[in-house]
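# Secondary and tertiary structure notes
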Amino acid sequence: MTERIIDLVVPLAQEATDMRITDTTGQTLESSGAVSLLIGESLLHGDVDSTMRPGIRTSTMATRITTTPTTSCEPGPFANQTDRHHADFSFEDLVRAYFDCRENKRNSQTALIFEQDLEHNLFHLYEELMNGVYAPGKSICFIITHPKPREVWAAEFRDRIVHHLLYNHISPRFYASFIADSCACIPERGTLYAVKRLESKIRSTTQNWSKAAYYLKMDLANFFVSIDKRIVHAKLAEKINEPWWLQLADTILFHDPRQNFEYRGNPVRLNRVPPHKRLGNHPSHLGLPIGNLSSQFFANVLLDGLDQHCKHELHARHYIRYVDNFILLHESSRWLNDAKHDIETWLPKNLSLHVNPSKTILQPIDRGVDFVGQVIKPWHRSTRKRTVNEAIRRISTIPAAELLEVANSYFGLLRQAQHSHHDRALLSNALRRRGYSIKSDLTKTYRRNIQAERKTA
């Protein structure tokens, strides 16, 4: 009888114990109980042994609708029985993707459902991928209103694991060719990295604020809903030479979440999203869902073309981009104006994107450069005033149950700016008015001791 060995090689607090299971074909498999040990003794009854019998496979997962429509822009099915490419990844890779996925999603509903029968669900997902029958499931759509109304499409937890699996395998080869000034959704290149790098470039251009210079700030119009998936596919194919991984990337890229989704929230909020920003109002080959790791990565792959054009064809020495916002610096305003016309012509021809003219700014640097939530002025970098006012408003009105986490997150945000003491003092005063104590250096607040207050009263 053939045996397949599956090794869960992950950091564990204790050594994993081996156990045997029987799959649907009657073959004996060996699997580790390592994953189940991680989720607590109370969940051990949901392991593979308790849900699998010879000839029958059952699961405690919630019922999923996995109908995936075939659209005209889709290059083809993920795989079929007659032409199946080799899936060169291990179960260990899938487990690693699971741990990456759950890092910030541990308490979501789909994550909890998936973890109720964790080892079985992981193994079932592994079999789907290996057999070439994986298809994305249902998405969750909801509306956020801050900083402005927009749709968010969140994939199921199991699909997010697949996103991380693909990302872990292919992202290093793309990141190796990205310029250092591409700062969005890249490890260790967040907003603080972006604003510090821009400040350094400004100091270089102005020779420590002793010389006049200009900046050109541009923004792409309706970026995520305007992304052409066919162009992204062509750029992915340039660096993914393994057929199975390219097919997996296409399966994720060309999946249309509008065909199988659940809307959550007040339906009235849908009307607050402008029609041209709704994914449902665009053809199937246009638009990526905001809210998935894969969408962020694909957006960077697409806009790497813009980065390379600005650096190597325009020869822009000082250029930086964060998602769809980018800035060019130069001593000459005429040079920047010529660069503006070049970019406005190049983008539609090569990436099928357009610049938002209402958000294009060309002005002297010493007036202040607003970028990723901070304002850089001569010898001064502070948080955007609108962000500070919004922080104080929220602190003054949100329920007490949410106040501690929100307040400390705002303290962390304000601390990123060099000159933030005054802003943190304003935030501290708003918290004191609600009876909260503040650390002496104005960097955090503490949970109120209600019982001690009652005893004192």
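Coordinates for the structure precede this section.
Read on for a plain summary of the structure. For every chain, the first residue of the written sequence is number 1, and numbering continues from 1 onward in sequence order. Where totals are concerned, whole chains, interfaces and linings use all residues; where local detail is concerned, this predicted model gives features only for residues with pLDDT of at least 70, and gives and counts side-chain atom pairs only at 80 or more. With hydrogens and water set aside, each side-chain value is computed from the structure's full complement of heavy atoms.

## Here's the deal with the overall build of the chain
What counts, and what does not: Segments assigned H or I by DSSP are reported as helices when at least four residues long, segments assigned E as strands when at least two residues long, and all are numbered from the N terminus. Between buried and exposed lies partly exposed: a residue is buried under 20% and exposed over 50% of the maximum accessible area for its type, with that area taken using a 1.4 Å probe on protein chains only. Contacts: residue pairs with any heavy atoms within 4.5 Å of one another. For the area figures, the Shrake-Rupley method with a 1.4 Å probe applies, and any residue is considered shielded solely by the protein chains shown.
Of regular secondary structure, the chain possesses 16 helices and 15 strands. A total of 457 residues make up the chain; the buried ones form 47% of that total. Nonlocal contacts in the chain, meaning residues at least 24 apart in sequence, comprise 72% of its contacts between residues at least 6 apart. Just so you have it, the chain exposes about 22,500 Å², and 50% of that area is on carbon and sulfur atoms.

## With respect to the packing of aromatic side chains
Two aromatic rings, taken as a pair, are described by how far apart their centres are and by the angle between their planes. Put simply, the rule reads: When two rings of Phe, Tyr or Trp (its six-membered ring) have centres within 6.5 Å they constitute a pair, described as stacked for plane angles under 30 degrees, edge-to-face for angles over 60, and tilted for the intermediate range.
Counted by the stated rule, this structure contains 20 aromatic pairs. Judged by centre distance (5.5 Å) and plane angle (90°), the rings of F174 and F297 are edge-to-face. With F174 in helix α6 (residues 157-175) and F297 in helix α11 (residues 293-312), this residue pair connects regions lying 123 residues apart in the sequence. F297 carries the same exposure label as F174, and that label is buried. Three or more aromatic residues joined by ring pairs form one cluster here, namely F89, F91, F123, Y126, W244 and W245.

## Let's talk about the sheet that holds strand β8 (residues 214-219)
Put simply, the rule reads: Strands are labelled as partners when DSSP assigns at least two bridges between them. To obtain each axis, a line is fitted to C-alpha atoms, and for helices this fit is confined to the stretch in contact; angles are then taken between N-to-C directions over 0 to 180 degrees.
If you walk across this open sheet you meet the four strands as β10-β11-β8-β12, and the pairing is antiparallel. What marks the edges here is a single partner per strand, and that holds for β10 (318-322) and β12 (361-364). The mean inter-strand angle of the sheet, taken between neighbouring strand axes irrespective of direction, is 15°. Pairing analysis gives six bridges linking β8 to strand β11 (residues 325-330), with the strands arranged antiparallel. Looking at β11, one finds that L216 is bridged to L328. Sitting on the sheet, helix α7 (residues 191-206) is in contact with β10 and β11, with an inclination near 165° to β10.

## Overview of unusual backbone geometry
Non-glycine residue N208 carries a positive phi angle of around 55°. Examined against the element boundaries, N208 turns out to sit in the loop between α7 and β8. Since its relative accessible area comes to 40%, N208 is described here as partly exposed. Positive phi outside glycine occurs at S352, with the angle close to 55°. Positionally, S352 belongs in the loop between α12 (333-350) and β12.

## Regarding the pairing of β10
Extensive coverage of β10 is indicated by the burial of five of its five residues. Judged by which residues are buried, β10 turns out to be covered on both faces: H318, I320 and Y322 on one side and Y319 and R321 on the other are all buried. Remark: two residues form the turn of the hairpin made by β10 and β11, two consecutive strands paired antiparallel; V323 in that turn has positive phi of roughly 55°.

## Overview of the side chain of K201
Of note, K201 is situated in helix α7. Once residues lying within four places of it in the same chain are set aside, the contact partners of K201 are D181, R317, H318, Y319 and L329.

## Focus on the pattern of salt bridges
Quick note on the threshold: Within this document, salt bridges are pairs made up of a side-chain nitrogen of Lys or Arg and a carboxyl oxygen of Asp or Glu, the two lying within 4 Å of each other.
Under the counting rule described, the total for this entry stands at 18 salt bridges. D181 is the partner of K311 in a salt bridge, and the nearest nitrogen-oxygen pair spans 3.9 Å. One end of the pair, K311, is in helix α11; the other, D181, is in the loop between α6 and α7, and 130 residues separate them in sequence. Residue classification places K311 among the partly exposed residues on the basis of a relative accessible area of 21%. Salt bridges here are not isolated pairs; linked through shared partners, they connect D181, R197, K201 and K311.

## A short note on the nonpolar core
To be explicit about the condition: Grouping buried Ala, Val, Leu, Ile, Met, Phe, Trp, Tyr and Cys residues that are joined through side-chain atoms within 4.5 Å yields what is termed a nonpolar core.
Counting 68 residues, the largest nonpolar core has L94, L129, I161, L236, L306 and I343 as the members making the most contacts within it. Examining the composition of this core, we find that nine residues originate from one element, α6, more than from any other. Dropping the residues within four chain positions of it, L306 is found in contact with Y319, F326, I343, W346, L347 and L351.

## Notes on the sheet that holds strand β15 (residues 380-383)
In space, the three strands of this open sheet follow the order β13-β14-β15, with antiparallel pairing throughout. Looking at the sheet topology across the chains shown, the edges are occupied by β13 (369-371) and β15. Sheet twist, expressed as the mean angle between neighbouring strand axes with direction ignored, is 20°. Note that β13 and strand β14 (residues 374-377) share three bridges and pair antiparallel. Across the sheet, V369 pairs through a bridge with I376, a residue of β14.

## Comments concerning helix α14 (residues 400-415)
Stated formally: Given the number of residues in a helix, its expected span is that number minus one, multiplied by 1.5 Å.
Over its 16 residues, α14 extends 23 Å from the first C-alpha to the last, a length consistent with the 22 Å expected when each residue adds 1.5 Å. Of all the residues in α14, the buried ones are L403, L404, V406, A407, Y410, F411 and L414. In this structure, the buried residues of α14 make contact with β15, α13 (385-397) and α15 (421-432).

## Thoughts on α6
Taking 1.5 Å per residue as the helical rise, α6 with its 19 residues ought to reach 27 Å, and the 25 Å between its terminal C-alpha atoms agrees with that figure. A large share of α6 lies buried, amounting to 15 of its 19 residues.

## Points about the environment of T443
The criterion, for reference: The definition of a polar contact used here is a pair of N or O atoms within 3.5 Å, where within protein one atom must be able to donate a hydrogen and the other to accept one, and adjacent residues in sequence count solely through side-chain atom pairs.
Note on placement: T443 falls in the loop between α15 and α16 (450-456). For the pair T443 and R424, spaced 19 residues apart in sequence, the C-alpha separation works out to 7.6 Å. Not counting residues up to four positions away in its chain, the partners in contact with T443 are F411, R415 and R424. Here the side chain of T443 touches D441 through a polar contact of 2.6 Å, side chain to side chain.

## Quick notes on the pairing of β11
Pairing of β10 with β11 involves five bridges; the strand directions are antiparallel. If you follow Y319 over to β11, its bridge partner there is L328.

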